[in-house]
Amino acid sequence: METVFLSIGALGMIIGAVSFAYLGTQAPQGTRHFYAITFLIALIAGISYFVMATGGGLTLVGDRAFYYARYVDWIFTTPLLLIDLALLALARPGRNLGLIGALVGLDLVMILTGLWAGATAGGGRYVLWFISTAAMVALLYLVVTQLFAAARTQSPAVQQIFRTLAVLTVVLWSLYPIVWLLGTEGFGAVGLTIEIALFLVLDLAAKIGFGFLLLTNRQALSEISGGSVAQPRVS
Ligand code: RET
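Quick notes on the rules
- Residues numbered from 1 in each chain as written.
- Predicted model: local features only at pLDDT ≥ 70, side-chain atom pairs only at ≥ 80, totals over all residues.
- Heavy atoms only, no water.
- Core = buried A, V, L, I, M, F, W, Y, C linked by side-chain atoms within 4.5 Å.
- Buried < 20%, exposed > 50% of the residue type's maximum accessible area, 1.4 Å probe, protein only.
- Contact = heavy atoms within 4.5 Å.
- 1 Å grid on protein atoms, 1.4 Å probe; cavity = no way out; pocket = protein on both sides within 12 Å on 5 of 7 lines; lining within 4 Å.
- Points joined across faces, edges and corners; volume = space filled by probe spheres on them.
- Helix = DSSP H or I, 4+ residues; strand = E, 2+ residues; numbered from the N terminus.
- Expected span 1.5 Å × (residues − 1).
- Salt bridge = Lys/Arg side-chain N within 4 Å of Asp/Glu carboxyl O.

## A short note on the nonpolar core
- F34, L88, L147, F162 and W173 are the most contacted members of the largest nonpolar core, which totals 76 residues.
- With residues up to four places along the chain from it excluded, the contact list for F34 reads D84, L87, L88, L214, L215, L221 and I224.

What follows is the structure, given as C-alpha cells:
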C-alpha cells in the first residue's frame, strides 16, 4: 500500500510538471519565470516520490523507517514556493531582498531542524520539532503581515490570486507539523501507511493545486507590476 501511495505521488507530480511546462509555452510576456519555478517544484517532488516509490530515500532510525528523501525535496521546493508567493506580492522584489532572505532563511531552519528531528531516535527530537514549528510560525507570520501588505499595491486580480494562494499555504503548511507529530517520527498515533497518505495529500495540494491555481490565472500574471518589465524583443 505504501508503494501505491508513493507511486501516485510520483505520477501526480510528474503530470503536474508536464502540465506546467505545457502551460509555460503559452505564458504571457514577462511571466515565464513563474512557470519555470513551479515546474521545477513539481519536478523535484516527482523525483523524490519516484525514489521513495522504488524503495530508496529511506534509512532506519532506531527501529523505524525514516524517509529522508522528503526533506531533500522540501529543502528545495518550499523556498521556491515562497519565492512564487513573494514575486506575486512584491512590486519590486529587488528592493525587498531582506524580506525574501528572511522568508527563505526561516524556511531552511524549519526544514533542517525537521530533518534532524526525524533522524533522531530519542526525546530530543521534540525539541527540534518545536524549533522547526517556531520557525514555521515566524515565516507564516511574515507572509500574513508583510506579503499581504505588499500585495495591496498590486491590481485587484493579482491581490485576489495572491490571497487565495497565501491562505492555501498558511492552512496546508500548518498541517505538516501535526501530521509529523501523529506519524511514525512523532508519537506514532498513526502508522507509516496513513502518514504517507496524509503527506501525499498535503504535498499534492501544496505543490500541484497551488501551481494550477497560479499558472492558469494568466490574466492576473500578466498584470503583475514590477518583477521583470517586458522588454520589446529585437529579432
Ligand atoms: C516538519 C517537521 C516538524 C515541524 C515542521 C515541519 C514542517 C514542514 C512543512 C513542510 C512543507 C512542505 C511542503 C511541501 C511541498 O508541497 C518538517 C514536518 C514545522 C511546513 C509545502
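And the narrative resumes.
## Section: empty space enclosed by the protein
- Taken as a whole and judged by the stated rule, the model has one cavity of 30 Å³ or more.
- Volume-wise, the largest cavity comes out at about 310 Å³.
- What lines the largest cavity is a set of 20 residues, among which W74, M110, I111, Y176 and P177 lie closest to the centre.
- For the lining of the largest cavity, the secondary-structure elements that each account for two or more residues are α3 (69-89), α4 (97-118), α5 (124-151), α6 (156-182) and α7 (192-215).
- When residues in the lining of the largest cavity are grouped by element, the largest group, five residues, is from α3.

## Describing helix α2 (residues 32-53)
- In this model, α2 (22 residues) spans 31 Å end to end at C-alpha, consistent with the 32 Å of a helix rising 1.5 Å per residue.
- Every buried residue belonging to α2 is among F34, Y35, I37, T38, I41, A42, A45, G46, S48, Y49, M52 and A53, and all of these are buried.
- Contact partners of the buried residues in α2: α1 (2-24), β2 (64-67), α3, α7 and α8 (218-223).
- Where α2 ends, the next residue or the one after it, G55, has phi of about 90 degrees, a positive value.

## Describing the pattern of salt bridges
- In the structure shown here, the tally under the stated rule is one salt bridge.
- For the salt bridge of K207 with D73, the shortest nitrogen-to-oxygen distance reads 3.3 Å. Placement of the pair is K207 in helix α7 and D73 in helix α3, with a sequence separation of 134 residues.

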